[in-house]
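Each chain is listed here by its residues.
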Amino acid sequence: KDAKVPSPPVAPPTLLTLPHCAISRLLLCLDVDSLERLSATCSYFDQMIAGKFLLTMSLPFPVGFIKELMDGDSFDKKPLLKLRCRKTRDEYNTFLDIPDYSEPSSFHKIITSISVEMMDYLLSSQMSLLSLHKLRELDLVPDSVKQEDRLLGQRIMDSYSNFDCSLLQHISRLGSLRCLTRLDVLVDQNMYLEQFMAELPNLLELGLNILTRPGLSKHVYLHEYIPRLEAIVAASKAPVLKVTVVAETRRQVNKVFRNNYVKKLVLTGPCTFNVVPVMERLQEVVVNLETTLLDNNCTYWKSKSDDRGLHRAGLCCVNIGAVYENCPNLERFMGVEVGMVSHKQTFNKWNIRMKKRFYDDYLQQGGAKEMKAWAKTRWDSRRPVFPENIGVVN
């Protein structure tokens, strides 16, 4: 009998062998930066992604893009996926081919010098060239929050906020805010974003970068800044909330973050930010704190100068005691596994079990104190007390 010829080996499946409809669904799960990288891998994805969409555009338009429009006979108005305004200070010449014809300028200079009326005209003119009905991401955080080694002053912050607010209003009129899945903004104590939160039902990730005026009065801090910040957090439907504190007035006041949608909370800021999470779906808390100052990293309230090398996990930035019964689905807190500690026991018993886990984490970080000495300065066995409603300060 003739020997049976073995069949050729079956090639392993790849992303390209999936049905087109499956690939299209998968692409919806990627952020725009990932789509941009994927489109550069082969001609298939380049045609499928970059061939159909304008991936990223900056406002105001870069001079190079304007020159492309001038040199072309026609313009393909593809749907834009990501819009950003970085307020860059990089200088440019409006007329690239005649550099001496105009004075160098920058987008930062334009935004901080034009009137509100001219700003609206600029945005309306440029956005008329964009198709925003599939806009996914909006990044309004400037390239730098410093000017000559100092944080932005209030006048510049006001100019930035006015520009961003006007931009959001233009997008709102087009009905495209509802398409956004990611929004990253810089806000101050005025929290202009509050008026737009109801128009953002499909957010997957909200990034709040906070830069308040230094030395806010007690009235402004308690009756404007805190209530508006808490209202934005409460109104967000994004499962990922990222809050980055660039600078704020230091006051020993709790910020109650109430939300029924957030699953992951990422906080970057000072040890004294004092967040109290009340989030029934919360699964993970990530806290990014200063770690480059050797023996002076921790700035928690009343911390002694000889005990600032390691942060106080469970106290710095976020109070772990507040999650008892308020965050029943929490699994990880600053890398510590807390999901196994049941909330169906008294607070004191829950607190004792948590204390043991956080003390073990302290030892793993290089701490050397005995538990009793550690608990005296690095743990709070009291249950936090905070108001039932947002915008109310004890």
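Since the model is a prediction, treat every value here as computed from it, not as a measurement.

*Asks:* Which residues make up the nonpolar core, and what values do they have?
*Replies:* Membership of the largest hydrophobic core comes to 95 residues, with the highest contact counts inside it found for L83, L206, L241, F257, F273 and F358. In this structure L206 touches L183, L193, M197, I232, S236, A238, V240, L241 and K242, once residues within four positions along its chain are discounted. With 10 residues, the next largest nonpolar core counts L27, L35, L38 and L55 among its residues.

*Asks:* Got a sec to walk through the packing of helix α1 (residues 20-27) against helix α3 (residues 43-50)? Specific residues and values, please.
*Replies:* Packed helix pairs are specified by the crossing angle of their axes together with the interaxial distance, meaning the distance between the axes. Direction vectors running N to C along α1 and α3 enclose 65°, while the axes themselves pass 12 Å from each other. When the axes of α1 and α3 are compared, the crossing they make is right-handed. Residues H20, I23, S24 and L27 of α1 pack against Y44, F45, M48 and I49 of α3. For the contact of α1 with α3, the class distribution of residues is six nonpolar, two polar and no charged.

*Asks:* Residues and numbers for the pattern of salt bridges, please.
*Replies:* Using the criterion set out here, one finds 16 salt bridges in the structure. Close ionic contact of D33 with K82 constitutes a salt bridge, the shortest N to O distance being 3.3 Å. Residue D33 is located in helix α2 (residues 32-39), and its partner K82 is located in strand β2 (residues 80-84); the two are separated by 49 residues in the primary sequence. Residue classification places D33 among the partly exposed positions, given a relative accessible area of 34%.

*Asks:* Explain the packing of aromatic side chains to me, using residue names and the numbers behind them.
*Replies:* Any pair of aromatic rings gets described here by the distance separating the centres and the angle formed by the planes. Tallied over the full model, the rule gives 13 aromatic pairs. With centroids separated by 5.3 Å and ring planes inclined at 65°, the aromatic side chains of Y221 and Y225 adopt a geometry described as edge-to-face. You can see Y221 and its partner Y225 sitting in helix α8 (residues 218-235), four residues apart, about one turn around the helix. Y221 sits in the buried class, given a relative accessible area of 0%. Classification of Y225 as buried rests on a relative accessible area of 0%.

*Asks:* Can you tell me about a nonpolar patch on the surface, naming the residues and giving the values?
*Replies:* A surface patch of nonpolar side chains, amounting to about 230 Å² of accessible area, comprises L15, L18 and L26. A relative accessible area of 41% means that L26 is categorised as partly exposed.

*Asks:* Outline unusual backbone geometry, listing residues and values.
*Replies:* Backbone torsion omega between L59 and P60 reads -10°, so that peptide bond is classified as cis. Structurally, P60 can be placed in the loop between β1 (54-58) and α4 (63-71). Backbone geometry places M334, a non-glycine residue, at a positive phi of 55°. With respect to the element layout, M334 can be found in the loop between β13 (332-333) and β14 (336-337).

*Asks:* I'd love a proper account of the sheet that holds strand β12 (residues 284-288), names of residues and values included.
*Replies:* Pairing in this open sheet of 10 strands is mixed, and the strands run β1-β2-β3-β6-β7-β8-β10-β12-β13-β14 from one edge to the other. Every other strand in the sheet has two partners, leaving β1 and β14 as the edge strands with one partner each. Across three bridges, strand β3 (residues 137-139) lies against strand β6 (residues 182-187) in parallel orientation. For E137, the partnering residue across the bridge sits in β6 and is R182. The strands touched by α2 within the sheet are β1, β2 and β3, with β1 carrying the most contacts at an inclination of about 125°.

*Asks:* If you had to explain the pairing of β12 to someone new, which residues and values would you point to?
*Replies:* Along β12, the buried face is formed by V285 and V287; none of E284, V286 and N288, which line the opposite face, is buried. Pairing analysis gives five bridges linking strand β10 (residues 264-268) to β12, with the strands arranged parallel. Directly across from K264, in β12, lies its bridge partner E284. For β12 and β13, the ladder comprises two bridges, and the chain directions are parallel.

*Asks:* Before we move on, can you summarise the state of the cysteines with the specific residues and values?
*Replies:* One pass over the full model with this rule turns up zero disulfides. Take C85: it sits in no disulfide, and the sulfur closest to it among the cysteines is that of C165, at 13 Å. There is no disulfide at C317, and the cysteine sulfur nearest it, in C271, is 7.6 Å away.

*Asks:* Which residues make up the side chain of E248, and what are the values?
*Replies:* Examined against the element boundaries, E248 turns out to sit in the loop between β8 (240-247) and β9 (255-258). You can call E248 buried: its relative accessible area is 16%. If we skip the residues at most four places from it in the chain, E248 touches T212, Y221, Y225, K255, T272 and F273.

So, how was this worked out
Residues numbered from 1 in each chain as written. Predicted model: local features only at pLDDT ≥ 70, side-chain atom pairs only at ≥ 80, totals over all residues. Heavy atoms only, no water. Core = buried A, V, L, I, M, F, W, Y, C linked by side-chain atoms within 4.5 Å. Buried < 20%, exposed > 50% of the residue type's maximum accessible area, 1.4 Å probe, protein only. Contact = heavy atoms within 4.5 Å. Axes fitted to C-alpha atoms, helices over the stretch in contact; angles between N-to-C directions. Helix = DSSP H or I, 4+ residues; strand = E, 2+ residues; numbered from the N terminus. Left-handed = near helix turned anticlockwise from the far one by under 90°. Nonpolar A, V, L, I, M, F, W, Y, C, P; charged D, E, K, R; others polar. Salt bridge = Lys/Arg side-chain N within 4 Å of Asp/Glu carboxyl O. Phe/Tyr/Trp six-rings, centres within 6.5 Å; stacked < 30°, edge-to-face > 60°. Patch = residues over 30% accessible without salt bridge, like charges linked within 9 Å, V, L, I, M, F, W, Y side chains within 5 Å. Areas by Shrake-Rupley, 256 points an atom, 1.4 Å probe, with all protein chains shown as cover. Pairing = 2+ DSSP bridges. Disulfide = S-S within 2.5 Å.

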